[in-house]
Amino acid sequence: MEVLAILIPVSLGLGLLGLLAFVWSLRARQYDDPDGDSARILSDDYDDAPAPRDPPSDPDYPD
Amino acid sequence: MSATEYQGAVACPGCAATPGAATTASGAARREEVVLSLPGVHCAGCISTVERGLKALPGIADARVNLTMKRARIHHDGTRTVEDLIAALEKLGYEALPLDMVALSSTETDRVGRELLMRLGVSFFAMMNIMLLSVAVWSGAADATRDLFHMISGAIALPTVIFAGQPFFKSAWASLKAGRLGMDVPISLAIILASSISVYETFNSGHHAYFDAAVMLTFFLLGGRYLDHRTRAVARSAAQELAALEVPRAMVLRDGVEEMVAVSTLSVGDLVVIRPGGRVPVDGVVTEGASEIDRSLLTGESLPVPTGPGKAVAAGEVNLTGRLTLRVTAAGKDTSLARMAELVAVAEEARNTYTSLADRAARAYSPLVHILSFTAFGVWMWITGGDLRFAINISAAVLIITCPCALGLAVPAVVTAASGKLFRAGLLIKSGTALERLATVDTVVFDKTGTLTLGRPEPLNLPGIAPESRAVAATLAAISSHPLAQALAEAEQDRTQVEEIREVPGYGIEGRWQGTPVRLGRAAWVGATGGALTATWLRIGSDAPIPFTFADRLRPGAEDLVRGLMAQGMEVHLLSGDVAPAVEDLAKRLSIPHWQAEILPEGKAAFVSGLVAEGRSVLMVGDGLNDTGALAAATVSISPASALDAARVASDIVLMGQDIAPVSDALRISRQSVKRIRENFAISFGYNIVAVPVALVGLASPLLAALAMSISSITVTLNALRLK
């Protein structure tokens, strides 16, 4: 049962990592246009180089 | 509305405080932002077409389509106007509407939505981790291991509940203070009771801890809350942003100098200049100039009315042919337009008394749950002879099991699915209860001009007229912004050489063709006697005048819609402020049995109220200011996005595209969603019927609570997704 002392912190840590990733993606406004994102994958417009980033229009979340 | 008048409305949010300055400081280059609503975009191809098409224009720095919100955000260097961009998009085949940047800045940041999403994420993380530990306990971890797992669960659950449960605690507290028992009271009670009992049990090495239930409850209910918020936010923002279609600025004449000012600064006695094509911002009397004004939005008249010095004009009318100077008689809140909007607000209040299905369910549910829980507590105290710990455990279990998890999701899940579907069809649901009210509709009342028709005339007898005359007429018509002239110029492509063309505001256009004077305009002006049909007359020299007759163009989908409604057995009415022949003609074309012409705004409202008083459920579809009373009086109302502000405010649903056919989708989907909502209530009630007795006799375990909660929430959500 001693292994629990390692496993529990590890599982919690991984969960926390996921939570942090979620918080980051939320603040980076990745949920603003889910429909568009799923459609954009089909276009080859920015296949070679990424699009210039949208300037943040929300002063609270400078990304 | 002219290009310059728009600058103020579309400036970036940061400049909202300083009208006139429409630039954002981004290095030395001017950088302006425009947001357009694009009801027609729907696929990856649309995105590329729009973005590439816009970026190909000179002066455009960047264009990005948001497919979820169906809008495009465009950055340009200040050389482009909104009208330019809209015209360019139209050429690409997309309808575009400008949005109000000031209103946008307040809705787009959507702080509440993001906070809810954050709480949702945190409670999901907590739920999953606690569940992991709980599974170990359920499968037989005992003694020290169980206590340790409970403690870790508690360490995760307590901060989570305190952080994520805030929306419920706040609203429960607010409703308690107001002396009501809302849905949030049993929710908060269940969460708090479950957490505190679990803490107590954990420190006393108890067998059952409900940390997982407390967090799961928070998670599922937050999900429902978020869906609810999103639907409402979309509706609210749509209403606010479209408000920008009104004229924000006006040209005022002070000491002989023309000056652009905000409409809100105008006062009685000011002289205001209105250019052809501009919308009148105030009530006033014409002091100078002759023109024709389009009153269709206010009165439903499809034909322009001539105006001149001494004549009164009202806010909301559109000046068509000549430049007008007005002396302001009423501005801002005193204009007839604003007064009508106020009347609407009063009528709205009356309608807001409609209680939604969810509210009705909550009203019946909350007291029942509390009574049940307290009874269980009392009975078990009596049976066990005063075992407080056991009795509290039972009553907490009852609260947790009955907690309206599925009930909290039942309505939002369906409404979200339905409004998503309708949004894709081009309809915006502004009111939360609109779907429920729409489902009951048995009578549909239409306005004519601008609703069933586009308010744009279409020439009828062109093929029967000599090509030469057609070319002359079209050449003359091309210089005017009168709707009949524009329709003629658009329908007839041939042009010829006509000299000395000039427009006589209020009468028509004249010129010289091959040496003979030619005139196109009102019957009396060209020396003809007008008939019943809408017409403009052409006279070449001293030949007999030739009439060009027009009919209002039908809105796409209107025929199918009316036919579909009649096939569903609905009673269809047509009410219009326009003259009888025009209304009769349309009623015949669409085979609408009941129609009334030349009806006043009060008459429309009274007619609709009469139908409602008869016990009918009325859907009013209208766009004009003369419809607002009727829109507000109806059970539920729809207006096109091209409608006046006041009409859109008064209606529950806004039709974004030109096509009116989605209205029948709305009716179908609304009936389906109400069915789904009822099914969902039945499902959650069914689970309670099974689970409550188990909890009452004291057999409920955390495992059972978790199962009941998640299964009922998932079934309810899946049921909502069945919406077709």
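All values derive from a computational prediction rather than experimental measurement. In every chain, residue numbers begin from 1 and rise along the written sequence. Here the convention is simple: chains get letters from A, ligands get numbers from 1, in the order in which they are written. For a predicted model such as this one, the threshold for reporting local features is a pLDDT of at least 70, and the threshold for listing and counting side-chain atom pairs is 80 or more; totals across whole chains, interfaces and linings nevertheless cover every residue. Hydrogen atoms and water are omitted, and side-chain values are computed over all heavy atoms in the structure.

1. Quick look at empty space enclosed by the protein
Residue and element names in this part refer to chain B. What counts, and what does not: Cavity and pocket criteria rest on a 1 Å grid covering protein atoms alone: a 1.4 Å probe that fits but cannot get out defines a cavity, protein on both sides within 12 Å along at least 5 of 7 lines defines an open pocket, and an atom within 4 Å of a point defines a lining residue. Grid points are joined across faces, edges and corners, and a volume is the space filled by probe spheres set on the points. Numbering of helices and strands starts at the N terminus; helices are DSSP runs of H or I of at least 4 residues and strands are runs of E of at least 2. Polarity classes work like this: nonpolar for Ala, Val, Leu, Ile, Met, Phe, Trp, Tyr, Cys and Pro, charged for Asp, Glu, Lys and Arg, and polar for all others, with Gly in that last group.
Within the structure shown, the criterion is met by 4 cavities of 30 Å³ or more. When its volume is computed, the largest cavity comes out at roughly 90 Å³. In this structure, the largest cavity is lined by 14 residues; those nearest its centre are Ile401, Cys403, Ala406, Asn688 and Ser712. Secondary-structure elements contributing two or more residues to the lining of the largest cavity are α13 (388–402), α14 (405–424), α25 (662–696) and α26 (702–721). Considering only residue class, the lining of the largest cavity consists of 10 nonpolar, 4 polar and no charged.

2. Quick look at the sheet that holds strand β16 (residues 443–447) of chain B
All names here are of chain B. Selection rule: Two strands make a pair as long as DSSP finds a minimum of two bridges between them. Axes here refer to lines fitted to C-alpha atoms; in helices the fit is confined to the stretch in contact. Angles between the N-to-C directions go from 0 to 180 degrees.
One open sheet holds the 7 strands; their spatial order is β15-β27-β26-β25-β16-β23-β24, and the pairing between them is mixed. Edge positions in the sheet fall to β15 (427–429) and β24 (594–596), since each of these pairs with one other strand and no more. Neighbouring strand axes in the sheet, compared pairwise and without regard to direction, differ in orientation by 20° on average. Pairing analysis gives 3 bridges linking β15 to strand β27 (residues 653–655), with the strands arranged antiparallel. By the bridge assignment, Ile429 is partnered in β27 with Ile653.

3. What to know about the confidence of the model for chain A
To keep things clear, this is the line we draw: Per residue, pLDDT measures the predictor's confidence, with a range of 0 to 100. Any two residues whose heavy atoms approach within 4.5 Å are treated as being in contact.
On average, chain A scores 76 in pLDDT, and the residues at 70 or more come to 78%. Across residues 55–63 of chain A, where pLDDT falls below 50, the model places 16 contacts with residues more than four positions away in sequence or in other chains.

4. Quick notes on the packing of aromatic side chains
Residue and element names in this part refer to chain B. This is how the line gets drawn: Aromatic contacts are taken between Phe, Tyr and Trp rings whose centres are within 6.5 Å, Trp giving its six-membered ring; a plane angle under 30 degrees counts as stacked, one over 60 as edge-to-face, and the others as tilted. Accessibility here uses a 1.4 Å probe with only protein chains present; expressed as a share of the type maximum, an area under 20% marks a residue as buried, one over 50% as exposed, and anything in between as partly exposed. The criterion is that NZ of a Lys, or CZ of an Arg, lies within 6 Å of the ring centre and within 35 degrees of the ring normal, and then a charge sits over that ring.
Going through the model one piece at a time under the given rule, you end up with 5 aromatic pairs over all chains. With a centroid separation of 5.2 Å and 75° between ring planes, the pair formed by Trp380 and Phe390 is classed as edge-to-face. Placement of the pair is Trp380 in helix α12 (residues 357–383) and Phe390 in helix α13, with a sequence separation of 10 residues. What makes Trp380 buried here is its relative accessible area of 16%. Judged by relative accessible area, Phe390 falls into the partly exposed class, the value being 31%. One cation-aromatic arrangement involves Arg119 over Phe163; the distance from NZ or CZ to the ring centre is 4.9 Å.

5. A look at unusual backbone geometry
All names here are of chain B. Backbone geometry places Ser205, a non-glycine residue, at a positive phi of 50°. The topology assignment puts Ser205 in the loop between α8 (184–203) and α9 (211–242). One non-glycine residue, Gln514, adopts positive backbone phi at about 50°. Looking at where Gln514 falls in the secondary structure, it is placed in the loop between β19 (508–513) and β20 (516–521). Looking at Gln514, the relative accessible area reads 62%, which means it is exposed.

6. Focus on the interface of chain B and chain A
Quick reminder of the rule: What counts as buried area is the accessible surface, traced by a 1.4 Å probe, that two parts surrender upon association, with contributions from both included. Each salt bridge in this description consists of a side-chain nitrogen of Lys or Arg and a carboxyl oxygen of Asp or Glu lying within 4 Å of one another. Here a polar contact is taken to be a pair of N or O atoms separated by no more than 3.5 Å, where protein atoms must pair a possible hydrogen donor with a possible acceptor and residues adjacent in sequence count only if both atoms sit in side chains.
Each partner contributes residues to the interface: chain B has 33 residues there, and chain A has 31 residues. Counting the surface lost from both chain B and chain A, the interface buries some 2,700 Å², and carbon and sulfur atoms represent 59% of this. For chain B, the biggest contributors to the area lost against chain A are Arg64(B), Arg114(B) and Phe125(B); these three give 23% of the whole. Here chain B is connected to chain A by 1 salt bridge. For Arg40(A), the salt bridge identified is with Glu51(B), shortest N-O distance 2.9 Å. Between the two partners, chain B and chain A, sit 3 residue pairs in polar contact (both at pLDDT 80 or more). Secondary-structure elements contributing two or more residues to the side of chain B that touches chain A are β2 (30–37), α2 (44–55), β3 (60–66), β4 (71–76), α5 (111–138) and α6 (143–164) of chain B. When residues of the side of chain B that touches chain A are assigned to their parent elements, the largest contribution, 10 residues, is made by α5(B).

7. Some remarks on the pairing of β4(B)
Residue and element names in this part refer to chain B. The buried count for β4 comes to 6 of 6 residues, which makes it a mostly enclosed element. Side chains of β4 alternate between two faces, with Arg71, Arg73 and His75 and Ala72, Ile74 and His76 buried alike. Counting the residues between successive antiparallel strands, the hairpin from β3 to β4 contains 4 residues, one of them, Lys70, with a positive phi of roughly 55°.

8. Re the confidence of the model for chain B
Low-confidence regions, as indicated by low pLDDT, have predicted coordinates that should not be scrutinised in detail. Model confidence for chain B is summarised by a mean pLDDT of 80, while 87% of its residues fall at 70 or above. In this model, residues 1–28 of chain B is a region of pLDDT below 50 whose contacts with residues beyond four sequence positions or in other chains number 51 contacts.

9. Let's talk about the packing of α6(B) against helix α7 (residues 166–177) of chain B
A pair of packed helices can be characterised by two numbers: the angle between their axes and the separation between those axes. Residues and elements named next belong to chain B. For clarity, the cut-off: The cut-offs work like this: below 35 degrees is roughly parallel, past 145 is roughly antiparallel, 65 to 115 is roughly perpendicular, and the gaps in between are oblique.
One can describe the packing of α6 onto α7 by two numbers: an axis separation of 5 Å at closest approach and a directional angle of 55°. Accordingly, the angle class assigned to the pair α6 and α7 is oblique. Residues Val161, Ile162, Phe163 and Ala164 of α6 lie in contact with α7, whose contacting residues are Gln166, Pro167, Phe168 and Phe169. Of the residues belonging to the contact of α6 with α7, the class tally is 7 nonpolar, 1 polar and no charged.

10. Focus: the pattern of salt bridges
Residues and elements named next belong to chain B. Per the stated rule, a full pass over the model turns up 23 salt bridges over all chains. Note that Arg519 is salt-bridged to Glu510, the shortest N-O span being 3.0 Å. Using a relative accessible area of 16% as the deciding quantity, one classes Glu510 as buried. It is possible to trace a salt-bridge network through shared partners that takes in Asp442, Glu571, Glu614 and Arg616.

11. A word on the environment of Ile394(B)
All names here are of chain B. Within the fold, Ile394 resides in helix α13. The buried category is assigned to Ile394, whose relative accessible area is 5%. Between the C-alpha atoms of Ile394 and Ala695, which are 301 residues apart in sequence, the distance is 6.7 Å.

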